[in-house]
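# Fold and geometry: a report
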Amino acid sequence: MTRLLASVRSRAEAEVALEGGADIIDLKDPDAGALGAVAPEVMRETLAAVAGRRLVSATAGNLPMDPDVVRQGVEAVAATGIELIKIGLTKSSRTGACIDALAGTAERGVRLVAVLFADRAPDFDLIDAVAPHFFGVMLDTAGKDGRGLREHLAFAALEDFVARAQGAGLFVGLAGSLKLEDVAPLTRLWPDYLGFRGALTGGGRGDEIDNAALRALRDELFRATNPLDVVEGQ
């Protein structure tokens with residue numbers, strides 16, 4: 001079953017996402033790029049509001065590929081109690097060192113999710129590199145110019161990404177300016193979740209989450225993953 005991840009910027013938006021049926025509440029600042037981090041107090045407030053009813057994730061920020069900076073950024077988020085922490089990984093001579101720097105954090109039970117960027121020539125070999133320590137991996141887009149995930153990578157490449165990640169035993173997600181019309185084709189790949197931000201609002205990605213838009217995505221995801229149930233219910 002493919003789940004719905006809703007990216008929210010505050011406790012108030014998290015409560016709207018809960019009401020609308022989101023499966024994963026993902027904290028990020030949409031005005032600060034693909035992986036803009038919210039303040040630690042927002043993470044704690046949101047965790048308290050969700051109260052274990054859903055899985056809560058958060059980004060560690062737009063971090064450079066510097067092992068010490070990455071480790072410190074992830075540790076700061078882990079200190080809030082966040083359950084899943086997303087870390088962007090880009091091509092660099094120090095990417096491997098950044099992954100190694102997080103081994104100790106992962107060994108303490110902190111669940112890490114590597115984020116690769118479809119519009120930055122993603123290196124799928126990183127899937128195997130993170131597998132020993134990371135809980136999951138996802139594809140997103142670094143640029144938020146309206147072009148979605150499927151405009152940056154061919155369907156065969158997306159299929160390869162999901163298959164490689166699942167083969168490595170990782171929790172795998174797809175995101176990147178996804179819209180309602182992306183749900184049906186992407187669920188055919190059976191990722192563990194699809195992530196949304198802009199499609200959840202009444203306008204741009206920086207606007208507030210709209211409950212009706214979220215429910216429409218939730219309904220479309222249900223139809224795409226449960227076609228027989230939909231037919232029988234007609």
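Residues numbered from 1 in each chain as written. Predicted model: local features only at pLDDT ≥ 70, side-chain atom pairs only at ≥ 80, totals over all residues. Heavy atoms only, no water.

When helices and strands are counted, the protein shows eleven helices and eight strands. Compactness check: the protein gives a C-alpha radius of gyration of 17 Å against a globular reference of 17 Å for 234 residues, within 12% of the reference. In terms of its C-alpha atoms, the protein occupies a principal-axis envelope of roughly 55 × 40 × 30 Å. Per-residue burial over the protein gives 50% buried out of 234 residues. Considering only contacts in the protein between residues 6 or more positions apart, those separated by 24 or more positions represent 65%. Per element, the accessible surface of the protein, about 9,800 Å² overall, is 49% carbon and sulfur. Positive and negative side-chain charges of the protein, numbering 25 and 34 respectively, have mean locations separated by a distance of 1 Å. (Helix = DSSP H or I, 4+ residues; strand = E, 2+ residues; numbered from the N terminus. Rg over C-alpha atoms; globule rule 2.2 N^0.38 Å. Buried < 20%, exposed > 50% of the residue type's maximum accessible area, 1.4 Å probe, protein only. Contact = heavy atoms within 4.5 Å. Areas by Shrake-Rupley, 256 points an atom, 1.4 Å probe, with all protein chains shown as cover. Lys, Arg positive; Asp, Glu negative; His and termini not counted. Charge placed at Lys NZ, Arg CZ, Asp CG, Glu CD.)

Further remarks concern helix α1 (residues 11–20). Residues spaced three or four apart along an α-helix face the same direction, because each turn holds 3.6 residues. Buried within α1 are the following residues: E13, A14, A17, L18 and G20. The buried residues of α1 occupy an angular sector of 165 degrees when projected down its axis, which confines them to one face. Its buried side turned inward, α1 meets β1 (3–8), β2 (24–27), α2 (40–50) and α10 (211–225). With its phi angle positive at about 100 degrees, G21 sits one or two positions after the end of α1. (Arc of directions from axis to C-beta.)

The rolling of a water-molecule-sized probe over the atoms marks out the regions of remaining empty space. The computed volume of the largest pocket comes to approximately 270 Å³. Lining of the largest pocket is provided by 22 residues; of these, S177, L178, R197, G198 and R205 occupy positions nearest its centre. At the level of secondary structure, the elements contributing two or more residues to the lining of the largest pocket comprise β1, β6 (136–140) and β8 (193–196). Class assignment of the residues belonging to the lining of the largest pocket gives a composition of six nonpolar, eight polar and eight charged. (1 Å grid on protein atoms, 1.4 Å probe; cavity = no way out; pocket = protein on both sides within 12 Å on 5 of 7 lines; lining within 4 Å. Points joined across faces, edges and corners; volume = space filled by probe spheres on them. Nonpolar A, V, L, I, M, F, W, Y, C, P; charged D, E, K, R; others polar.)

This part covers empty space enclosed by the protein. For the structure on display, the rule yields two cavities of 30 Å³ or more. Here the largest cavity is characterised by a volume of approximately 60 Å³. Every residue along the wall of the largest cavity is listed here: L89, T90, K91, L116, F117, R120, A121, P122, D123 and L126. Approximately 30 Å³ is the volume attributed to the second largest cavity. Looking at the second largest cavity, the residues that line it are L5, I24, S57, L84, K86, V113, F171 and Y193. Tallied by class, residues from the lining of the second largest cavity come to six nonpolar, one polar and one charged.

The subject of this paragraph is the side chain of T80. When you line up the elements, T80 lands in the loop between α3 (67–78) and β4 (84–88). For T80, the residues in contact, after removing those within four places along its chain, are P40, M43, R44 and L47.

What follows is about the pairing of β6. Regular strands have side chains that alternate between both faces of the sheet. For β6, the buried fraction is high: five of the five residues fall into the buried class. Burial of β6 is two-sided: the residues G136, M138 and D140 facing one way and the residues V137 and L139 facing the other way are all buried. Judged from the five bridges that link them, strand β5 (residues 111–117) and β6 form a sheet pairing that is parallel. Note on β6: the bridge partner recorded for V113 is G136. In the sheet, β6 pairs with strand β7 (residues 171–174) via four bridges, with the strands oriented parallel. Its bridge partner being in β7, L139 is matched across the sheet by L174. (Pairing = 2+ DSSP bridges.)

Within the largest apolar cluster, 62 residues are counted, with the highest numbers of intra-cluster contacts made by I85, L139 and F161. Those residues within four positions of F161 in sequence are excluded, and the remaining contacts are L116, F124, I127, V137, M138, L139, V172, G173 and L174. (Core = buried A, V, L, I, M, F, W, Y, C linked by side-chain atoms within 4.5 Å.)

The next subject is the packing of aromatic side chains. Within the structure shown, the criterion is met by three aromatic pairs. The interplanar angle of 55 degrees and the centroid separation of 5.3 Å between the aromatic rings of F124 and F161 together place this pair among those described as tilted. Here F124, found in the loop between β5 and α6 (126–130), pairs with F161, found in helix α8 (residues 155–167); they are 37 residues apart in sequence, far enough to count as distant. With relative accessibility at 0%, the residue F161 sits in the buried group. Here F171 and Y193 contribute two aromatic rings whose centre-to-centre distance is 5.2 Å and whose plane-to-plane angle is 35 degrees, an arrangement assigned as tilted. (Phe/Tyr/Trp six-rings, centres within 6.5 Å; stacked < 30°, edge-to-face > 60°.)

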